[in-house]
Amino acid sequence: MKKTKVLKVLRTVFYCIGFPLLLLLTAIGTMPFFGEPVFKASCANGLLVIFIMWAVVEIVRLIMKFACKKNQMAQTIIVAVVGLIIMVAPVILFDELVGPKIDASATQGANFELAYIVNEGVATVVSADTTDAVIIPTEFADVSYQLLNGSDLETFNYQLGKYTNVTNKVRVDKALYRKFLDSADDFMDFYGINKWYNYEDFYFDNYTGFATDGTPTTDGHLLGVENKLNAEIEYLQKAVVSYHRAYVANGNSEVGLDTSIPATYNIYQIAIGETTSTSHMSLSDLYILKTELATKAQIYPLFVARNYIYIFIGLVALSTILVGYCNEKLRAIAEGKED
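As the structure is a prediction and not an experimental result, all values here were calculated from the model.

This brings us to the overall build of the protein. Assigned secondary structure in the protein consists of ten helices and five strands. Here the contacts in the protein between residues at least 6 apart in sequence split such that 69% fall between residues at least 24 apart. With an accessible surface of roughly 19000 Å², the protein has 59% of that area assigned to carbon and sulfur atoms.

See the structure below:
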């Protein structure tokens, strides 16, 4: 009886050092992402990945319990193999699919090449591969940003190692997730967005979308981060296009444009980062934040799960084997083959 109790306790302990411990550590590692609107849609993704892996292994364990009732060794081996596959395969796929995309931006730079077409005197920003589009040369308006030398976007492996500060919790400001949150907060502060109130678009009760005269209006509508970011990019892109058209009309010369079209010239200077403004960030800064929101906000919670999965691959296999060993001993005692 005493041996049975000891084996049951050991079985519980061995089981807990597998997926339960992995899930707990992942939860602790992702805690900084919870409560931050930037990570609202992704903060639990790492936990969800671990939970799905655990559920699949437990389903297989349950099936094997009935399929191989009298062969504990077969149960243990199959569950251990499934556990290894279910942990290793997604991590490899994540690295192979996501890694190159991040590296392409970090090592080659992301070139937001501006192009436009003119129809009946009205210029419209279009993609650079549009037929008959006028492409604004980067030497005219450097609206590209090079993400090299550890600047604003980093390689996949660099981010993987630096997304959170593992070695020195005191210097949390060095963690990439903290820098990313700070840049998002700076954007919200700059444009007067309350992260707890209208990180996403907020509509007051009186919002209808139309003024009393029937014309469209945004009264009662507070733009959130995503829509404000897109609106600012669109506004500054149009300013660059307007200036470029004036530049071409002026004989491909900028001489005198600062006085002939001062408003357009001033916004153009802000857009390319030549001058600072209290009303608008530069296109480069906006492009960087847009890319970070689309990448870092999604992958950082997954980084936590990925790193712990690699650590726990062997531990989960060992846990499965030890649980199987305890079950075999308990079965032998129940059948009277051991005391």
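Having put the structure on the table, let's press on.
A few words on the packing of helix 7 (residues 225-249) against helix 10 (residues 283-334). Interhelical geometry of helix 7 versus helix 10 gives an angle of 145° and a closest axis separation of 10 Å. For the crossing formed where helix 7 meets helix 10, the hand is left-handed. Residues V225, L229, N230, E232, I233, L236, Q237 and V240 of helix 7 pack against L283, L286, Y287, L289, K290 and L293 of helix 10. Across the contact of helix 7 with helix 10, the residue classes tally to ten nonpolar, two polar and two charged.

Let us look at the nonpolar core. In terms of nonpolar packing, the biggest core is built from 50 residues, with V38, F187 and Y300 touching the most fellow members. Looking at which element gives the most residues to this core, the answer is helix 10, with ten residues. Core analysis: the second largest hydrophobic core is formed by 17 residues, F19, V79, M87 and I309 among them.

The subject of this paragraph is the confidence of the model for the protein. Per-residue confidence for the protein gives a mean pLDDT of 86; residues scoring 70 or more make up 90%. Summarising per-element confidence for the protein, the mean pLDDT is lowest in strand 5 (residues 221-222) (84) and highest in helix 2 (residues 19-30) (94). Overall, residues 145-151 carries pLDDT values under 50, and its contacts beyond four positions in sequence, including any with other chains, amount to 21 contacts.

A separate point is the pattern of salt bridges. On inspection of all chains with the given rule, the structure shows nine salt bridges. Note that E154 is salt-bridged to K296, the shortest N-O span being 3.3 Å. Highlighted residues: E154 in the loop between strand 3 (134-135) and helix 5 (156-162) and K296 in helix 10, separated in sequence by 142 residues. One exposure class covers both E154 and K296, and it is buried. Between K195 and D185 there is a salt bridge, and its shortest N-O distance comes to 3.0 Å.

Our next topic: the packing of aromatic side chains. Taken as a whole and assessed by the stated rule, the structure comprises 18 aromatic pairs. Ring plane angle 70° and centroid distance 4.9 Å describe the contact between F190 and Y191, whose orientation is recorded as edge-to-face. Judged by relative accessible area, Y191 falls into the buried class, the value being 13%. An aromatic cluster is defined as three or more aromatic residues linked by ring pairs; in this entry it consists of F94, F156, Y163, Y300 and F303.

Pairing of strand 1 (residues 115-119) with strand 2 (residues 122-126), which is carried by five bridges, proceeds in the antiparallel orientation. Within strand 2, the position partnered with Y116 by the bridge is V125. The hairpin turn running from strand 1 into strand 2, its antiparallel successor, is two residues long, and E120 in that turn takes a positive phi close to 55°. Both strand 1 and strand 3 contribute to a ladder of two bridges, which runs antiparallel. The partner of A115 across the bridge, within strand 3, is I135.

Examined against the element boundaries, R306 turns out to sit in helix 10. Within the structure, R306 has its side chain in polar contact with the side chain of D95 (distance 2.9 Å). The contact partners of R306, leaving out residues within four places of it in the chain, are V91, F94, D95 and L160.

This part takes up the packing of helix 7 against helix 9 (residues 262-271). The packing of two helices is summarised by the inter-axis angle and the distance between the axes. Direction vectors running N to C along helix 7 and helix 9 enclose 120°, while the axes themselves pass 8 Å from each other. In terms of their interaxial angle, helix 7 and helix 9 are classed as oblique. Where helix 7 crosses over helix 9, the handedness of that crossing is left-handed. Contacts between helix 7 and helix 9 involve Y235, L236, A239, V240, S242 and Y243 from the first element and T264, Y265, I267, Y268 and A271 from the second. Tallied by class, residues from the contact of helix 7 with helix 9 come to nine nonpolar, two polar and no charged.

The next subject is the sheet that holds strand 1. Across the sheet, three strands lie side by side as 2-1-3; this open sheet has antiparallel pairing. A single partner strand is all that each edge strand has here, and the edge strands are strand 2 and strand 3.

So, on to the environment of T259. Among the structural elements, T259 can be located in helix 8 (residues 257-260). You can call T259 exposed: its relative accessible area is 62%. Here the side chain of T259 touches G256 through a polar contact of 3.0 Å, landing on its backbone oxygen.

Our next topic: helix 9. Within the span of helix 9, buried status applies to I267, Y268, Q269, I270 and A271. The inward-facing, buried residues of helix 9 abut helix 7 and helix 10.

Glancing now at helix 7. With 25 residues, helix 7 ought to run about 36 Å at 1.5 Å a step, and its terminal C-alpha atoms sit 36 Å apart, in line with that. Looking one or two residues past helix 7, G251 carries a phi angle of roughly 80°, positive in sign.

Definitions and limits used
- Residues numbered from 1 in each chain as written.
- Predicted model: local features only at pLDDT ≥ 70, side-chain atom pairs only at ≥ 80, totals over all residues.
- Heavy atoms only, no water.
- Helix = DSSP H or I, 4+ residues; strand = E, 2+ residues; numbered from the N terminus.
- Contact = heavy atoms within 4.5 Å.
- Areas by Shrake-Rupley, 256 points an atom, 1.4 Å probe, with all protein chains shown as cover.
- Axes fitted to C-alpha atoms, helices over the stretch in contact; angles between N-to-C directions.
- Left-handed = near helix turned anticlockwise from the far one by under 90°.
- Nonpolar A, V, L, I, M, F, W, Y, C, P; charged D, E, K, R; others polar.
- Core = buried A, V, L, I, M, F, W, Y, C linked by side-chain atoms within 4.5 Å.
- Buried < 20%, exposed > 50% of the residue type's maximum accessible area, 1.4 Å probe, protein only.
- pLDDT = per-residue confidence, 0-100.
- Salt bridge = Lys/Arg side-chain N within 4 Å of Asp/Glu carboxyl O.
- Phe/Tyr/Trp six-rings, centres within 6.5 Å; stacked < 30°, edge-to-face > 60°.
- Pairing = 2+ DSSP bridges.
- Polar contact = N/O pair within 3.5 Å; in protein donor to acceptor, adjacent residues only side chain to side chain.
- Parallel < 35°, antiparallel > 145°, perpendicular 65-115°, else oblique.
- Expected span 1.5 Å × (residues − 1).

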